[in-house]
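The residues making up each chain are set out below.
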Amino acid sequence: GQNIDQPTEMTATEGAIVQINCTYQTSGFNGLFWYQQHAGEAPTFLSYNVLDGLEEKGRFSSFLSRSKGYSYLLLKELQMKDSASYLCAVRDQDDSWGKLQFGAGTQVVVTP
Amino acid sequence: DAMVIQNPRYQVTQFGKPVTLSCSQTLNHNVMYWYQQKSSQAPKLLFHYYDKDFNNEADTPDNFQSRRPNTSFCFLDIRSPGLGDAAMYLCATSRSRGLVGYTFGSGTRLTVV
């Protein structure tokens, strides 16, 4: 099984930077995903890390350290539309189905 | 556009009255998943299919069943919904075992009255 922990809520100002941390404890590891979920909507894919290091995609970046069981999602130049829940999800190496285990999500509130 | 479609978007059912949620996909993905997500909680996996190979999670209640008659369609049946089954139900697909992430449908919000 997996334990996936992330903060419940974070607040930041429009134009600022916010870093959402995710720690995980697993028996195996085969990739970590970040999803964005607006209220009442389905999650949408943001990023995927399987090797250590930083993956950058526009205003969003994601970092992974497998030895520390740690990832973060960095949101730069925050916009009001970035107000959403951000879900960290881990795929267990031992799971041939590829199913993801999700954290409870971090609610990001962007204020003017 | 190719996508994952869930119907209906909102479903209200009576306590104890069977209800079926549907999911269809035009992506021709092998794997389909059903997740239950309650407010401010992590999505919880209920079932998944690789083609027609079915697997339910150990803690999925017997009240929940699933069918996948073909590649494109998957159904979630709740035989006797209780108040605790009110949630968002998410259908997701992926192309293969373990290589890529999911494409989610828009979800069905189930209310039990």
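Conventions and cut-offs
Residues numbered from 1 in each chain as written. Chains lettered and ligands numbered in written order. Predicted model: local features only at pLDDT ≥ 70, side-chain atom pairs only at ≥ 80, totals over all residues. Heavy atoms only, no water. Disulfide = S-S within 2.5 Å. Helix = DSSP H or I, 4+ residues; strand = E, 2+ residues; numbered from the N terminus. Buried < 20%, exposed > 50% of the residue type's maximum accessible area, 1.4 Å probe, protein only. Salt bridge = Lys/Arg side-chain N within 4 Å of Asp/Glu carboxyl O. Pairing = 2+ DSSP bridges.

A. Just the state of the cysteines, in detail. Counting across every chain of the model gives two disulfides over all chains. Through a disulfide, A:Cys22 is tied to A:Cys88; the S-S separation comes to 2.0 Å. Torsion about the S-S bond of the A:Cys22 and A:Cys88 cystine: about -70°, corresponding to left-handed handedness. Here A:Cys22 is found in strand E3 (residues 18-26), whereas its partner A:Cys88 is found in strand E9 (residues 84-91), with 66 residues between them in sequence. There is no split in this pair, since A:Cys22 and A:Cys88 are both buried. Bridging B:Cys23 to B:Cys91, the disulfide has an S-S length of 2.0 Å. In this structure, the disulfide formed by B:Cys23 and B:Cys91 twists by about -70° around the S-S bond and is classed as left-handed. Here B:Cys23 is found in strand E3 (residues 19-25), whereas its partner B:Cys91 is found in strand E9 (residues 87-94), with 68 residues between them in sequence. For the pair formed by B:Cys23 and B:Cys91, the shared burial category is buried. In this structure B:Cys74 is a free cysteine whose sulfur lies 5.9 Å from that of B:Cys91, the closest cysteine sulfur available.

B. View of the pattern of salt bridges. Within this structure, the stated rule accounts for six salt bridges over all chains. Among the salt bridges present, the one from A:Arg66 reaches A:Asp52, with a minimum N-O distance of 3.0 Å. In this pair, A:Arg66 is assigned in the loop between strand E7 (60-65) and strand E8 (70-75) and A:Asp52 in the loop between strand E5 (44-49) and strand E6 (53-57), connecting sequence segments 14 residues apart. For A:Lys99, the salt bridge identified is with B:Glu57, shortest N-O distance 2.9 Å. Taken together, the residues A:Lys99 in the loop between E9 and strand E10 (100-102) and B:Glu57 in the loop between strand E6 (53-56) and strand E7 (64-67) connect one chain to another. By relative accessible area, B:Glu57 is classed as buried at 13%.

C. Spotlight on the pairing of strand E11 (residues 106-111) of chain A. Residue and element names in this part refer to chain A. Across the two faces of E11 the burial differs, with Thr-106, Val-108 and Val-110 buried and Gln-107, Val-109 and Thr-111 not buried at all. Sheet topology note: the E9/E11 ladder contains three bridges and is antiparallel. Each residue of the ladder has a partner; that of Tyr-86, found in E11, is Thr-106.

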